[in-house]
Amino acid sequence: MRKRTVRFLACTLSVVAALSLGACGGESKKEASKPGDDSAIAADSPYKGKGYDLSQKENVVMYMVGDEPKDMQEVMDKANTEYFEPNLNTTVEIKFLNWSDYSTKYSLLLSGGEDVDLIYTAAWCYYNEEAAKGAFLELTDDFLKQYMPYSYEQQPKESWDQISIDGKIYAVPKAKSTFTSYNIVAVRQDLIDKYGLTVPDSWDNYEKYLTELEEIKGETGVVPLNTNANREQLLTVFLQDHQVQPVTEGYDWMYDTEGKEDAPSTDDIFYFYGSDLHLQYCLEMAKLAEEGIWSSDAINDTTDAQAYFENGTSGSFVWNTSVFQAGKNLESAGNGTYAVYDITPDTPRSRASYATDAIAITTKSDKQERAALVLDYMKTDTDLNRLLMGGIEGKHWELDENGDRVTLDAASNYSWNNWAWALNSESEPDEAGLDPRQTEIQAEIDSMEFHPEIAGFTFDPKNVQTEYTIIKSLVDEYKQSFALGIYGDDTEEQFNKFKKTLEDAGLDKVTDEFKSQYEAYLERKGL
């Protein structure tokens, strides 16, 4: 076993005094281990001499959301051989729930008989729902201190606040907050130049660009916006255009920021689905669908929208800063040239909550303590973290003389931050030689950052769980149909039926509970 130096991320914030959680809910299946046999791990392991019983070799299974990189097995072979086995007497197996079917398989995986020790979760990916069902282990203060000692010290204090539900923690969030919830638009610059298309520098001009692309689709073979039920590409930018954003991550209660950081009053908070603003969105989507902006069979399409842009068959791709990677892939394949536009340039934007990406330990796992140690190691060891984030140094990436990350040719088989978003940390090296198109947009985004007073608010639906579960199910059933405009001229009629169904399911009751918790939060914070 070769000797190597284990380097840890610099300690940023201590949360020793920040957490005071009671032990209830899904508790660890084992009592705190007594000092055990760690003779099976290396003498220089960061977990040596800490009282862990690591005498028995374990295999920890982790599920992530996304498409598996081609070089995943090679990366995991290296991770197991050089890190997990010598330092934790553990092997780690990472499996993926593809974008095309994660929404149908996620809950089934947790309730079924498959081995699942760790699983990706987020405000947008069933965190609140599965925590309420008891699928995730409650991470008490004592558990975190004992089994995630380095993460406990290094995790930003506010990240624990943002991931908590009624003061309890059920997942470990990422340690870096970015603008992942703010969307921008990648378009085909070569087609704009060749055909004199409208420059999409606003929501209205973007719609004109899409319409013009449709008019020349017969000549170019390019669909204006190849979208489908896997990614609702236009909703976020539509809301940005109206300066409307969620009160809290993972829920659909909104408010008009009016460009201000001030906490809204309860009267200004509304549930988006079934609202007047939602109707406006549905009608706009029906209009775009009628114009042929996307395929009439988009509801049944399972191909990822990013792949369409990269292979040159889509004239637009709407997402966060990952659109730049899509543009690079488009150009490197010789399929066209790209440009990126912020189509809501006057809208202030906030960094995404740390709860946007997280990893939970499942209650059904029979090796919860070992899983916690694995997650702790993934997040806080610099070498291991970079291996998982970006692949093998010298093959997929390397550092230049300034310590910045240079992308190598093999990165097409394992691109940086392709799946490990919940492992993001402030220690990640900056990318060398960033495309000027990206640095320009990033500077614009940074200049418009704002910090809402209510950024730490979270909602716990347990008092209205039955009603909320039904409402969420109804929204999931209908939202993509509205987003893809499949109801056509009957959109408003279908919308009114949908709205009535939400009301009958108890929307007013759930909204009252939401506002009650929000008012209590304002009182606690003195807002």
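In this report, the structure presented in the accompanying data block is examined. Keep in mind that what you see is a predicted model, and the values were worked out from it rather than measured. (Residues numbered from 1 in each chain as written. Predicted model: local features only at pLDDT ≥ 70, side-chain atom pairs only at ≥ 80, totals over all residues. Heavy atoms only, no water.)

### Quick look at the packing of aromatic side chains
Logical step 1: Applying the stated criterion across every chain, the model contains 39 aromatic pairs.
Logical step 2: Ring geometry for Tyr478 versus Phe498: centroids 5.3 Å apart, planes at 45 degrees, classification tilted. Residue Tyr478 is found in helix α17 (residues 465–483), and its partner Phe498 is found in helix α18 (residues 491–504); the two are separated by 20 residues along the sequence.
Logical step 3: You can call Phe498 buried: its relative accessible area is 2%.
Logical step 4: Members of the aromatic cluster, joined through ring pairs, are Tyr251, Trp253, Tyr271, Phe272, Tyr273, Phe457, Phe459, Tyr468, Phe514, Tyr518 and Tyr521.
Logical step 5: Between the NZ or CZ atom of Arg437 and the centre of the ring of Tyr338, over which it lies, the distance is 3.9 Å. (Phe/Tyr/Trp six-rings, centres within 6.5 Å; stacked < 30°, edge-to-face > 60°. Helix = DSSP H or I, 4+ residues; strand = E, 2+ residues; numbered from the N terminus. Buried < 20%, exposed > 50% of the residue type's maximum accessible area, 1.4 Å probe, protein only. Lys NZ or Arg CZ within 6 Å of the ring centre and 35° of its normal.)

### As for the packing of α17 against helix α19 (residues 507–525)
Geometrically, a packed helix pair is captured by the angle between its two axes and the distance between the axes.
Logical step 1: At a minimum axis separation of 9 Å, α17 and α19 run at an interaxial angle of 115 degrees. Between α17 and α19, the angle is such that the two are roughly perpendicular. The two elements α17 and α19 cross, and the hand of that crossing is left-handed. Listed contacts from α19 to Glu467, Tyr468 and Ile471 of α17 are Leu507, Lys509 and Val510. (Axes fitted to C-alpha atoms, helices over the stretch in contact; angles between N-to-C directions. Parallel < 35°, antiparallel > 145°, perpendicular 65-115°, else oblique. Left-handed = near helix turned anticlockwise from the far one by under 90°. Contact = heavy atoms within 4.5 Å.)

### Side note on the sheet that holds strand β11 (residues 358–361)
Adjacent strands of a sheet form backbone hydrogen bonds with each other and so pair up, either parallel or antiparallel.
Logical step 1: The strand order across the open sheet built from five strands is β2-β1-β3-β11-β4, with neighbouring strands paired in mixed fashion. Of all strands in the sheet, those with a lone pairing partner are β2 (90–97) and β4 (172–173), marking the two edges.
Logical step 2: As paired strands, strand β3 (residues 118–121) and β11 are joined by four bridges and run antiparallel to one another. Bridged to Thr121 within β11 is Ala358. (Pairing = 2+ DSSP bridges.)

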